[in-house]
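This is what each chain is made of:
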Amino acid sequence: MENRVVLTGLLVEQAALRYTPAGLPALDLRIEHSSQQQELGSARNVNASVKAVAFGALAEKLARQAPGSQWTFQGFLATARNSKMLVLHIQDIQQN
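For every chain, the first residue of the written sequence is number 1, and numbering continues from 1 along that sequence. Thresholds applied to this predicted model are a pLDDT of at least 70 for local features of residues and 80 or more for the giving and counting of side-chain atom pairs; totals over whole chains, interfaces and linings are not thresholded and use all residues. Derived side-chain values reflect all non-hydrogen atoms in the structure, with water molecules and hydrogen atoms excluded from consideration.

1. Quick word on the nonpolar core
Stage number 1. In this structure, Leu29, Ile31, Leu62, Phe73, Leu88, Ile90 and Ile93 are the most contacted members of the largest nonpolar core, which totals 16 residues.
Stage number 2. For this core, the elements supplying multiple residues, two or more each, are β1 (5-14), β3 (25-39), β4 (42-55), α1 (56-63), β5 (70-79) and β6 (86-95).
Stage number 3. The residues contacting Leu88, other than those within four sequence positions of it, are Val5, Leu7, Ile31, Val50, Lys51, Ala52, Val53, Phe73, Gly75, Phe76 and Leu77. Put simply, buried Ala, Val, Leu, Ile, Met, Phe, Trp, Tyr and Cys residues joined by side-chain atoms within 4.5 Å make one nonpolar core. Partly exposed residues are those whose accessible area sits between 20% and 50% of the maximum for their type, while under 20% is buried and over 50% is exposed, using a 1.4 Å probe and protein chains only. Each helix corresponds to a stretch of at least 4 residues labelled H or I by DSSP, and each strand to a stretch of at least 2 residues labelled E; elements are numbered beginning at the N terminus. Contacts are residue-level and defined by heavy atoms, with any inter-residue pair within 4.5 Å sufficient.

Dropping the structure here:
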């Protein structure tokens, strides 16, 4: 079963590109999402700040992007190591 998360938002914060012990590029970032959703027949404004991580070529590509650029991110949610916080593990991106 595939449970893919799709999130559109602004790339607002990114750490310096780092490398895993295996030598894989990794990038920690934060995405700001804003939208209007329907809930029980009423419009609801939704704002969320989401921690995310990218690895490999996606990490290298996102490290070169300007803060404030808008993207659609696809991936999966997992808890961060030694934490209960959810993190979006980015597997695909598309610039909007």
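Next comes the rest of the account.
2. Considering the pairing of β5
Stage number 1. Across six bridges, β1 lies against β5 in antiparallel orientation. By the bridge assignment for β5, Leu10 is matched with Gln70.
Stage number 2. If DSSP finds at least two bridges between two strands, the strands pair. Sheet topology note: the β5/β6 ladder contains nine bridges and is antiparallel. Residue pairing across strands places Gln74 opposite Asp92, the latter belonging to β6.
Stage number 3. The hairpin formed by β5 and β6 contains six residues between the paired strands, and Asn82 there has a positive phi angle of roughly 60 degrees.

3. Quick word on unusual backbone geometry
Stage number 1. Its identity is not glycine, yet Leu40 carries a phi of approximately 55 degrees, on the positive side.
Stage number 2. You can see Leu40 is positioned in the loop between β3 and β4.

4. Focus: the pattern of salt bridges
Stage number 1. Any carboxyl oxygen of Asp or Glu within 4 Å of a side-chain nitrogen of Lys or Arg constitutes a salt bridge here. A full pass over the atoms with the stated rule returns four salt bridges.
Stage number 2. One salt bridge connects Arg18 with Asp28, and the closest N-O pair in it is separated by 3.1 Å. Of this pair, Arg18 sits in strand β2 (residues 18-19) while Asp28 sits in strand β3, placing them 10 residues apart in sequence.
Stage number 3. Taking relative accessible area as the criterion, Asp28 reaches 34% and is therefore assigned partly exposed.
Stage number 4. Glu32 is the salt-bridge partner of Arg30, the closest N and O atoms lying 2.2 Å from each other.
Stage number 5. A single network of salt bridges, built from pairs that share partners, joins Glu13, Arg30 and Glu32.

Geometric values such as these leave the question of function open.
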